[in-house]
Amino acid sequence: LRGIASSFQIEQSMVGTPSSPRRTSRFFANKKKSPVRSTSSSSEAVPTTPQRLIIRKGETPQKPNKRSKVQSVTTDNNAARTESFDALYHNETRIHTLILGTHPSVASHASNRYYGLPTNAFWWIAGDCLGFRRDVGLKKNDEPYKFVDHLVHGTDRILPYEKQVETLLQHGFALWDVVASCNRKGSLDADIKDERPNDIVGFCKANPSIKRIVLSNGRSGSTFFLKHFREWCKSGELVHGTNDESRKLFEKYMGSAADGVENDGRIECVCALPVSPAAARYTYEEKRDHWRKYCYNPGLEDYQKMDKQALETDL
């Protein structure tokens, strides 16, 4: 693997350059959803599960397939019913980390992109850790965002959105949301009503290589995860992350990853610092350091191990 220098000391052998992908770009997105029975308690909402849409070899990767943006309007509070994007993951790379948002924001729906708001830290952090840059980083008045001075890579590393997604997925990370559909006025998690979850349990069982779930919107997103998958959390199949946020939220329902989960098949649940700009109490550097420690560095280590195992199997 051709490495990328990083001021965060990510081992070069873990990350391939965006311009030189390790494998042919093929990733899956579900074209539409079909209802299935929940594998959790009967009181939980019936989740939805992804089906595959193949992007064949040689084709240009597309943006996530978006279902009907506004399904209905509730007249009492003008809250639109919206649906989540498709689950995105790479066809030829085993998944080690499933990153879960809560539900697409108004800006994300408008742009048809995961984490579409320009000030959302997700793609900026992913770029710093995987060797690319999201954008120039200018406001509408051409003034730079405050965090631009802290980005690792220069403007020569800017990639279009589709290539950013491709780079993330090629390294074994997958994207989806906890909430499949809901009524919500605006973009705040606190305003989500009448929600229905995606079939996260089914997705993980279909991809047993998954070692961790990272909840990208902090406590609010993690609370929705706990609400809809409480029985799964109590099943013994999950353990909470070692960071304080994960321990405080999940320790009542699951054991700790500190007890060791390397080979026992349990999945670590990480309540990460929110990437949303609404979480202004944390600086960009704090968010990036947190994500590097609890998501990208361990994920890239798993990627390296899985890649090595795949090479040994091919020999």
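Preceding this section is the structure that the text describes.
Report follows, based on the coordinates. (Residues numbered from 1 in each chain as written. Predicted model: local features only at pLDDT ≥ 70, side-chain atom pairs only at ≥ 80, totals over all residues. Heavy atoms only, no water.)

### What about the overall build of the protein chain?
If you tally the helices and strands in the protein chain, you get eight helices and 15 strands. Classification of the 315 residues of the protein chain by burial places 53% in the buried group. Accessible area of the protein chain: about 14,700 Å², with a carbon and sulfur share of 47%. (Helix = DSSP H or I, 4+ residues; strand = E, 2+ residues; numbered from the N terminus. Buried < 20%, exposed > 50% of the residue type's maximum accessible area, 1.4 Å probe, protein only. Areas by Shrake-Rupley, 256 points an atom, 1.4 Å probe, with all protein chains shown as cover.)

### Quick notes on helix α2 (residues 122-130)
Burial runs high along α2: nine of the nine residues are buried. Along α2, the residues classified as buried are Phe122, Trp123, Trp124, Ile125, Ala126, Gly127, Asp128, Cys129 and Leu130. One or two steps after α2, the chain reaches glycine 131, where phi turns positive at roughly 95°.

### Observations regarding the pattern of salt bridges
Counted according to the given criterion, the structure contains nine salt bridges. Residue lysine 205 is joined to glutamate 237 by a salt bridge in which the shortest nitrogen-to-oxygen separation is 3.4 Å. Residue lysine 205 is located in helix α4 (residues 200-206), and its partner glutamate 237 is located in the loop between α6 (230-233) and β13 (238-240); the two are separated by 32 residues in the primary sequence. Judged by relative accessible area, glutamate 237 falls into the partly exposed class, the value being 35%. Between glutamate 231 and lysine 234 there is a salt bridge; the shortest N-O distance is 3.9 Å. (Salt bridge = Lys/Arg side-chain N within 4 Å of Asp/Glu carboxyl O.)

### Description of the pairing of strand β10 (residues 179-184)
Counting buried positions along β10 yields six of six residues, so the element is predominantly enclosed. Pairing analysis gives four bridges linking strand β6 (residues 79-83) to β10, with the strands arranged antiparallel. Looking across to β10, one finds that threonine 82 is bridged to cysteine 182. Two elements, β10 and strand β11 (residues 193-197), share three bridges in a ladder whose sense is antiparallel. Looking across to β11, one finds that valine 179 is bridged to proline 197. (Pairing = 2+ DSSP bridges.)

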